[in-house]
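So you can see what is in the structure, the chains are spelled out below.
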Amino acid sequence: MNDRLLKALRCENEGRPPIWMMRQAGRFLPQYQEMRKTHSLMKLFRTPALAMEVTLLPIDILDVDAAILFSDILFIGEALGWKINFPDSGGIEITPPEKIVVHDVKETLGFVFETIELVKPKLSVPLIGFCGGPYTVARYLQRFDLLQPLTDLTIEYLRLQIQAGVDAIQIFDSWAGELSSEDFQKLSLPYLRQIVDALRPFPTILFCRGSCRYAQELASLQPHAISLDWEKDLSLMRQKIPSSIALQGNLDPDILRGPLPQLLTKTDHILTSMQGQKGFIFNLGHGVLPDTPIENALALIGRIKNS
Ligand code: CP3
């Protein structure tokens, strides 16, 4: 097994950094667009054999060092009775229940665990499972009174993902970075702490948009890694965050869209600023954009592998 990612998460890696890309499973891959012509998004998410195929696409096409499960952070809402639908017209439909009832996570999200079990034996790279941060999920459900039940369900959901076979977990608290410092401390951090502590020593990666601004707060939770946006230079962030915590990032996804010379210059800058450092995972600062040319992603990965 290619264990570059897992070694980097323990800050024990040598040689070139591992690379994978947030939102690599899907939208910008021509093969995924092809699958979407015959299957609705909901069918892809909910049919384990199809979700497995999408999870494997970036491994086959891009040869990245990790796979991320093809699913979505919002499905956990179904464990509280919400209906989550991604209509073919785009966007998302979130329907609250008349009365909140806690459903069995193993049963309600069974399609996710089944996908993990199917995909795992087909992989020679680690599989990343994931969840949304309770604040971000609560924001979509428009119910900030549910932060604690969402946290409890998320912990159960992640334990079941681990049991099914994932090798690491990334927590996407995408919207938390928009909060004021006071609200971040109150509405995001305590719930992330509970999740990281409950899973410890299992490797967790924390991500939020604006993570450079709140990196020290995130570091106080002692996750294995923090995924950083492109607001600051990684070498600067490395000085602020304890060396026992790996850094992941931080190419601007807009730069990945091209032009190529600019992409390669920026990539080299990031590589040079982290040269010789253990505990560095190359990634984007946020998800890959849908109109990114596949050639650019291949050029980026080639550059990392030859570094
Ligand atoms: O990273 C991967 O490739 C794995 C799969 C994955 C999806 N969503 C598939 C998806 C992951 C990790 C996510 C995370 C996610 N989902 C986040 C956090 C990450 C981030 O980008 O900040 C958030 C906020 C969501 C919620 C969500 N999912 C919304 C609001 C929507 C509809 C509108 C939109 O943004 O497109 C989705 C749809 C969704 N999730 C799609 C896929 C493949 C369909 C649209 C697309 O192809 O991107």
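Residues numbered from 1 in each chain as written. Predicted model: local features only at pLDDT ≥ 70, side-chain atom pairs only at ≥ 80, totals over all residues. Heavy atoms only, no water.

The immediate surroundings of the ligand are formed by 21 residues, with Ala-25, Arg-27, Asp-72, Ser-174 and His-286 found nearest. Interatomic distance of 2.9 Å between a backbone N/O atom of Arg-23 and an oxygen atom of the ligand. Between the ligand and the protein, one listed contact pairs an oxygen atom with a side-chain N or O atom of His-286 at 2.8 Å. The protein chains hide 85% of the 850 Å² of surface that the ligand would expose on its own. Classifying every residue of the shell around the ligand gives 13 nonpolar, five polar and three charged. (Near = heavy atom within 4 Å. Polar contact = N/O pair within 3.5 Å; in protein donor to acceptor, adjacent residues only side chain to side chain. Areas by Shrake-Rupley, 256 points an atom, 1.4 Å probe, with all protein chains shown as cover. Nonpolar A, V, L, I, M, F, W, Y, C, P; charged D, E, K, R; others polar.)

Across the six residues that make up strand E8 (residues 246-251), a large majority, six, are buried. With three bridges joining them, strand E7 (residues 225-227) and E8 adopt parallel strand pairing. Bridge assignment links Ala-225 to a residue of E8, and that residue is Ala-246. Each parallel crossover has a hand, and the one from E7 via helix H11 (residues 234-240) to E8 is right-handed. Relative to strand E9 (residues 280-284), E8 is paired through five bridges, and the arrangement is parallel. Opposite Gln-248, over in E9, you have Ile-281 as the bridge partner. (Buried < 20%, exposed > 50% of the residue type's maximum accessible area, 1.4 Å probe, protein only. Helix = DSSP H or I, 4+ residues; strand = E, 2+ residues; numbered from the N terminus. Pairing = 2+ DSSP bridges. Right-handed = clockwise from strand over helix to strand, strands pointing away.)

Let's shift gears to the packing of aromatic side chains. The geometry of an aromatic ring pair comes down to the distance between the two centres and the angle between the two planes. The final tally for this structure, using the stated rule, is twelve aromatic pairs. When the centroid spacing of 5.4 Å and the interplanar angle of 15° are considered together, the rings of Tyr-135 and Phe-144 count as stacked. Classification of Phe-144 by relative accessible area gives partly exposed; the value is 41%. Ring plane angle 5° and centroid distance 4.1 Å describe the contact between Phe-184 and Tyr-214, whose orientation is recorded as stacked. You can see Phe-184 sitting in helix H9 (residues 181-199) and its partner Tyr-214 sitting in the loop between strand E6 (204-207) and helix H10 (215-219), a full 30 residues away along the chain. Given a relative accessible area of 5%, Tyr-214 falls into the buried group. (Phe/Tyr/Trp six-rings, centres within 6.5 Å; stacked < 30°, edge-to-face > 60°.)

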